[in-house]
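Architecture at a glance
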Amino acid sequence: MGQHSAAGLDAAPQGYGTDPNLVTPHTPWPRTLSERERALVTVLADIVLPGTAEHPAPSAMGIADFLDDWVSAPYPTQQGHRTVITTGLAMVDAQARSQFGTGFVELDGPRQRTIVDQIASTTATDRSFFIRFRSLLLIGYFTSDIGFKAIGYPGNVPLLAFPGVPPEAQRVIDDELRKLGL
């Protein structure tokens with residue numbers, strides 16, 4: 001018999017934790033966006049990615065919850081994104097107040113779109129907020145049940161063989177990525 005301490009024999013093996021609960025997911029950190037920031041996220045997201053009769057707007061899938069959870073995570077990447085997002089949301093609100101005398105959320109649709117056009121413009125001084133916001137918006141939306149339906153993703157289902165992306169679908173993907181500058 002090897003050299004084992006009595007304490008070592010009684011200790012349970014250490015693992016990495018349990019599988020995540022994907023049915024009712026929960027994150028262990030508090031969400032940190034203010035109600036105002038969440039409202040800005042919701043309105044801005046629906047302007048950047050408007051819903052259609054067939055596909056609901058991001059607000060319908062809870063985009064503010066997704067983004068709040070993302071930027072509240074205690075990891076270096078997400079904390080960097082938090083700085084960009086919260087600074088950008090404050091900038092959007094400040095620009096609305098400067099131009100129109102009220103906050104972004106309180107503006108009518110055409111004035112909101114004016115502000116979005118200004119921050120999204122390729123001539124904008126700093127587009128880092130818009131680029132990061134748009135990326136997180138697309139990630140959140142198209143990884144939700146609503147987004148899966150919009151792109152025709154049936155979920156994780158077994159296949160005998162992978163037929164690949166149909167050429168027509170690949171052309172659409174490539175065109176959309178070009179439009180987004182990605």
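Residues numbered from 1 in each chain as written. Predicted model: local features only at pLDDT ≥ 70, side-chain atom pairs only at ≥ 80, totals over all residues. Heavy atoms only, no water.

What follows is about the overall build of the protein. Within the protein, the secondary structure is distributed over eight helices and zero strands. Listed N to C, the secondary structure of the protein is α-α-α-α-α-α-α-α in terms of helices and strands. Within the protein, buried positions represent 26% of all 182 residues. In the structure as shown, the protein presents an accessible area of about 12,200 Å², 58% of it carried by carbon and sulfur atoms. (Helix = DSSP H or I, 4+ residues; strand = E, 2+ residues; numbered from the N terminus. Buried < 20%, exposed > 50% of the residue type's maximum accessible area, 1.4 Å probe, protein only. Areas by Shrake-Rupley, 256 points an atom, 1.4 Å probe, with all protein chains shown as cover.)

With that settled, consider the packing of helix α2 (residues 35-48) against helix α3 (residues 63-72). At their nearest, the axes of α2 and α3 sit 9 Å apart, and the two run at 125° to each other. In terms of axis orientation, α2 runs oblique to α3. Considering how the two elements wind past one another, α2 and α3 form a crossing that is right-handed. Judged by residue contacts, R38, V41, T42 and A45 of α2 engage I63, A64, D65, L67 and D68 from α3. When its residues are assigned to classes, the contact of α2 with α3 shows five nonpolar, one polar and three charged. (Axes fitted to C-alpha atoms, helices over the stretch in contact; angles between N-to-C directions. Parallel < 35°, antiparallel > 145°, perpendicular 65-115°, else oblique. Left-handed = near helix turned anticlockwise from the far one by under 90°. Contact = heavy atoms within 4.5 Å. Nonpolar A, V, L, I, M, F, W, Y, C, P; charged D, E, K, R; others polar.)

To continue, consider helix α8 (residues 167-179). Look at α8: 18 Å from first C-alpha to last across 13 residues, which is about the 18 Å you get at 1.5 Å a residue. Within two residues after α8, G181 carries a phi angle of roughly 75°, on the positive side. (Expected span 1.5 Å × (residues − 1).)

Over its 15 residues, helix α6 (residues 128-142) extends 21 Å from the first C-alpha to the last, a length consistent with the 21 Å expected when each residue adds 1.5 Å. Within the span of α6, buried status applies to F129, F130, F133, R134, L136, L137, G140 and Y141. Among the structural elements, α2, α3, α4 (76-100), α5 (109-120) and α7 (145-151) are those in contact with the buried residues of α6.

Looking now at the packing of aromatic side chains. Per the stated rule, a full pass over the model turns up five aromatic pairs. Considering the side-chain rings of F129 and F133, the 5.6 Å spacing of their centres and the 35° angle between planes classify their relative orientation as tilted. Of the two residues, F129 and F133 are both situated in helix α6; the distance of four residues between them amounts to about one turn of the helix. (Phe/Tyr/Trp six-rings, centres within 6.5 Å; stacked < 30°, edge-to-face > 60°.)

Considering all chains together, one arrives at nine salt bridges under this definition. Here R31 makes a salt bridge to D69, at a shortest N to O gap of 3.9 Å. Separated by 38 residues along the polypeptide, R31 in the loop between α1 (6-10) and α2 and D69 in helix α3 bring together distant segments of the chain. The class of R31 is partly exposed, set by a relative accessible area of 42%. Note that K179 is salt-bridged to E176, the shortest N-O span being 3.2 Å. Placement of both K179 and E176 in helix α8 is noted, with a separation of three residues, approximately one turn of the helix. Under the relative-accessibility criterion, E176 is labelled partly exposed at 38%. One network of salt bridges, in which partners are shared, links R31, R38, D65, D68 and D69. (Salt bridge = Lys/Arg side-chain N within 4 Å of Asp/Glu carboxyl O.)

Our focus in this paragraph is the confidence of the model for the protein. Summarising the model, the protein shows a mean pLDDT of 88, and 88% of its residues fall at 70 or more. Within the protein, α2 carries the highest mean pLDDT (97), whereas α1 carries the lowest (53). (pLDDT = per-residue confidence, 0-100.)

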